[in-house]
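Okay, here's what each chain looks like letter by letter:
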Amino acid sequence: SSLDRTAKAERMFELMDGFLKNDPVSLQKDILDHVEYTVARSRFSFDDFEAYQALSHCIRDRLIERWHDTQIHFKRKDPKRVYFLSLEYLMGRSLSNSIINLGIRDQCADALSQLGFEFEVLAEQEGDAALGNGGLARLSACQMDSLATMDFPAWGYGLRYQYGLFRQVILDGFQHEQPDYWLNFGNPWEIERVHVTYPVKFYGTVEEDISNGEKYKVWIPGEMVEAVAYDNPIPGYGTRNTITLRLWAAKPSNQHDMEAYNTGDYIDAVVTRQRAETISSILYPDDRSHQGKELRLKQQYFFVSASLQDIIRRFKDGHKDLNQFPDKVALQLNDTHPALAIPEVMRILVDEERLGWNEAFDITCKIFSFTTHTVLAEALEKIPVDLLESLLPRHLQIIYDINSHFMEELKRRIGLDYNRLSRMSIVEEGAVKSIRMANLSIFCSHTVNGVSRLHSELLQTRVFKDFYEMWPEKFQCKTNGVTQRRWIVVSNPSLCALISKWLGTESWIRDIDLLMGLREYAADISLHQEWQMVRKINKMRLAEYIEATSGLKVSLDAMFDVQIKRIHEYKRQLLNIIGIIHRYDCIKNMAKDDRKKVVPRICIIGGKAAPGYEMAKKIIKLCHAVAEKINNDSDIGDLLKLVFIPDYNVSVAEMIIPGADLSQHISTAGHEASGTGCMKFLMNGCLLLATADGSTVEIIEEIGEDNMFLFGAKVHEVATLREKGSTIKVPLQFARVVRMVRDGYFGFQDYFQSLCDTVEGSNDYYLLGADFESYLEAQAAADKAFVDQKKWTQMSILSTAGSGRFSSDRTIQDYAEQTWGIEPCRCPL
Ligand code: OX2
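Rules and cut-offs
- Residues numbered from 1 in each chain as written.
- Predicted model: local features only at pLDDT ≥ 70, side-chain atom pairs only at ≥ 80, totals over all residues.
- Heavy atoms only, no water.
- Helix = DSSP H or I, 4+ residues; strand = E, 2+ residues; numbered from the N terminus.
- Rg over C-alpha atoms; globule rule 2.2 N^0.38 Å.
- Buried < 20%, exposed > 50% of the residue type's maximum accessible area, 1.4 Å probe, protein only.
- Core = buried A, V, L, I, M, F, W, Y, C linked by side-chain atoms within 4.5 Å.
- Domains from an automatic or database assignment.
- Contact = heavy atoms within 4.5 Å.
- Buried area = accessible area lost by both parts, 1.4 Å probe.
- Near = heavy atom within 4 Å.
- Polar contact = N/O pair within 3.5 Å; in protein donor to acceptor, adjacent residues only side chain to side chain.
- Areas by Shrake-Rupley, 256 points an atom, 1.4 Å probe, with all protein chains shown as cover.
- Nonpolar A, V, L, I, M, F, W, Y, C, P; charged D, E, K, R; others polar.
- Pairing = 2+ DSSP bridges.
- Axes fitted to C-alpha atoms, helices over the stretch in contact; angles between N-to-C directions.
- Phe/Tyr/Trp six-rings, centres within 6.5 Å; stacked < 30°, edge-to-face > 60°.

A. Highlighting the overall build of the protein chain. A tally of helices and strands in the protein chain yields 34 helices and 24 strands. Its C-alpha atoms give the protein chain a radius of gyration of 28 Å, within 12% of the compact-globule value 28 Å for 829 residues. Its C-alpha atoms give the protein chain principal-axis dimensions of about 95 × 75 × 60 Å. Scored against the burial criterion, the 829 residues of the protein chain give a buried share of 60%.

B. Spotlight on the nonpolar core. Core analysis: the largest hydrophobic core is formed by 176 residues, its most contacted members being Trp248, Phe302 and Ile402. Shared between two domains, this core takes at least three residues from each, and those domains are domain 2 (79-93 + 128-480 + 815-820) and domain 3 (484-806). When sequence neighbours within four positions are dropped, the list of residues in contact with Ile402 reads Ile342, Met346, Trp357, Phe361, Ile426, Leu440, Phe443 and Cys444. With 72 residues, the next largest nonpolar core counts Ala610, Ile636, Leu640 and Leu755 among its residues.

C. Expanded view of the domain arrangement of the protein chain. Entries for the protein chain in the domain assignment read domain 1 (15-77 + 94-126), domain 2 (79-93 + 128-480 + 815-820) and domain 3 (484-806). Distance between the C-alpha centres of domain 1 and domain 2: 34 Å. Contacts between the two partners involve 28 residues from domain 1, matched on the other side by 29 residues from domain 2. Summed over both sides, the interface between domain 1 and domain 2 buries roughly 2,500 Å², with carbon and sulfur atoms accounting for 54% of that surface.

D. Expanded view of the site of the ligand. In the vicinity of the ligand lie 15 residues, with Arg288, His373, Asn480, Glu672 and Gly675 positioned nearest. Between the ligand and Tyr570, the relevant distance is 3.5 Å, taken from an oxygen atom to a side-chain nitrogen or oxygen of the residue. Separating an oxygen atom of the ligand from a backbone N or O atom of Ser674 is a distance of 3.0 Å. Burial of the ligand by the protein chains amounts to 96% of its free accessible area of 400 Å². Taken together, the residues of the shell around the ligand break down into 5 nonpolar, 6 polar and 4 charged. Two domains each provide a minimum of three residues to the shell around the ligand, namely domain 2 (79-93 + 128-480 + 815-820) and domain 3 (484-806).

E. Representation of the sheet that holds strand E21 (residues 640-645) within the structure. Here 6 strands make up an open sheet; going across it, the order is E21-E20-E19-E22-E23-E24 and the pairing parallel. Two strands bound the open sheet, and with one partner strand each, they are E21 and strand E24 (709-711). Adjacent strand axes in the sheet meet at a mean angle of 20 degrees, parallel and antiparallel pairs treated alike. Where strand E19 (residues 559-564) lies against strand E22 (residues 662-665), 2 bridges are found, and the strand directions are parallel.

F. Highlighting the side chain of Asn631. In this structure, Asn631 sits in helix H25 (residues 614-631). Relative accessible area serves as the criterion here: at 18%, Asn631 is assigned to the buried category. Within the structure, the side chain of Asn631 is placed 2.8 Å from the backbone oxygen of Leu642, a separation counted as a polar contact.

G. Inspection of the environment of His68 at higher detail. Looking at the secondary structure, you find His68 in helix H3 (residues 48-77). Using a relative accessible area of 40% as the deciding quantity, one classes His68 as partly exposed. The spatial distance from the C-alpha of His68 to the C-alpha of Pro233 is 9.9 Å, given a sequence separation of 165 residues.

H. Spatial organisation of the packing of aromatic side chains. One pass over the full model with this rule turns up 33 aromatic pairs. Ring centres of Phe174 and Tyr751 lie 5.3 Å apart, and the angle between their planes is 80 degrees; on these two criteria the pair is classed as edge-to-face. One end of the pair, Phe174, is in strand E6 (residues 174-178); the other, Tyr751, is in helix H31 (residues 749-757), and 577 residues separate them in sequence. Given a relative accessible area of 23%, Phe174 falls into the partly exposed group. By relative accessible area, Tyr751 is classed as partly exposed at 25%. Members of the aromatic cluster, each reached through a chain of ring pairs, are Phe361, Phe406, Phe443, Phe464, Phe467 and Trp471.

Structure representation (structure tokens):
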């Protein structure tokens, strides 16, 4: 009865004793309780890892309190919500980030030091959550942080892969992949929701039925698995708001064939059940192509189906009329990976809710927005029709229906221009008949976004030109951003303190435009001194890491020159390595006196190659072969060193970026959709050596060409250069270096031949030869600037000062206003 309930609530209140407290003594008590009761160790004897576990649980408790309040607040206010659908998130570590966003870093450090532990040491105990490949996945993580911080009513949805991105192990210079057992020691940052589960169907047939005189389709599935929710609280900074990243894991369905158990097929039945779990077992380790893989398609649908059931359940809890759906729900497609959500929404509305086709399609088009992250043709997803037909027979029918409506509309507007119709069609005829997921996503979304201005222009003028001409109003641009909470506050505490001191406020952590205030002091000598000191501390940290991982001792006076990102031919790590060989060759041939003028360099390269990407793996091997030669050449001494940092991931990036003097973003113009690494370096005051590609074009506008080292062909020149092919004049030094590799100067002669082939003559698709001269000029300019430390420091300060535009807070604000139509919903303190 209601009386009982009130009495119960009162009793609960009495027992509750307020929220958890954050003073050091309360924290200590909570940590020790977790040591004893959660980790099950004695509070009188536990090690760093156990202390990390206990501390994490203590922080998690605090997150849960805020998370509850936020959810209740959202429910009460019932605002329009955005659902961010992404198959990948690179969250990295959570401890430091949570403590900082909760605003209790100092209290935690105090509490721990009295217990004899050091916060930094415990933070190092945590493994990375690496449920993604690269830029796209880290972008999702940054955007979740901004959504929480800016109080938006948002949910992230994803998959809880049992194995995240592979661990890269280097043996004899070759990459080997090992499974990432990230869940082996438990994951304190997630909450398993055993009661939040949904059935997900696959295979089977579609039949027709008649009800109330109307025909409708019924999908009779052939397989069923269960999706179980795991919630990861995402705390905002400077707010109580804590939102949810809900990840799905696959479990055998409870409705599984009981018959099999009884008829003696016990073993087979258990094995089949086990198979269900493979759906969420592993992340595909390639960020460009997963074409024609059944498991991948299964993952996509599993994810989409569970998320939509959850979203619709939440909507129906309070709303009856599905026509209101677009007023309450925005669905964001992070690339085409979740695009099956489109036919799935149609299926639910038409087959289950029995709405008419037009009404259902109208709702669908109002809820979806789509962001594409690439210009590379091979990264545009296509699903073979055969595969779709067997796995999701009803969805294929729906996609065909959507396409025939689409084609009708097109014919009305452009007539019978068959070339164009076939280019735009969602169905690609050809050797393997396939579904073009990008075309489906564009047609059925109200908004299509690119991830930088240049990328958005290329979408409109090249990749999706036909669509742009038809619906120019759909196309928008949201230049990517990264969160300053992770990329300055967490990863570079010294710089964070310095910025706050000079700006006289910490407000820039929520209001990044304030960083511009640093411009005023760009020439101030005392800021210079402090700035250089901070940079030195960070270089020291990086140097220690290099020594620990590779045994190489490096001088802090050298320029730390870094290129860290996935290994790809278009990102041109090979150009960097060829440049390094050239530098080595020059030093070797130099007179003693000239050597004094050489700016010492530590070249640092890091990144993973997709396991099946042969050329990328050869680039990694070449890097090691060259390093071996240079680093052991006593003739070179400290003038040049090359280090490959193995197993590059988010937490390694957090350590490298603050310690870099120079960073390279040198993709062939027109190939990097945006690039977000450059933004992290920029915020940390690292100078950029870059081509005018992706977001660097906009960085130039913010900090000016004089504050970076630009080189290379511009996007409009690339096509002409390619046409010229082998008639392009390639500098002699370039040919000389390639010759050295071919001739076995670095060993592994046979192995490197095919790699050398890719950069010679008309094979040089990514234009390494054509850009080489201008690359060397930019490198020389960097050397020159580095000698003048006053100038360098000023450029560095101006880089940080000009990085405000590249905060994901700005990106999210723009999405909220221009794409999703949502407003902040701040939970009262
Ligand atoms: C990456 C893009 O390559 C990169 O340029 C961009 O900054 C990032 O997404 C975030 O937008 N997979 N990863 C990407 O694209 C795809 C496909």
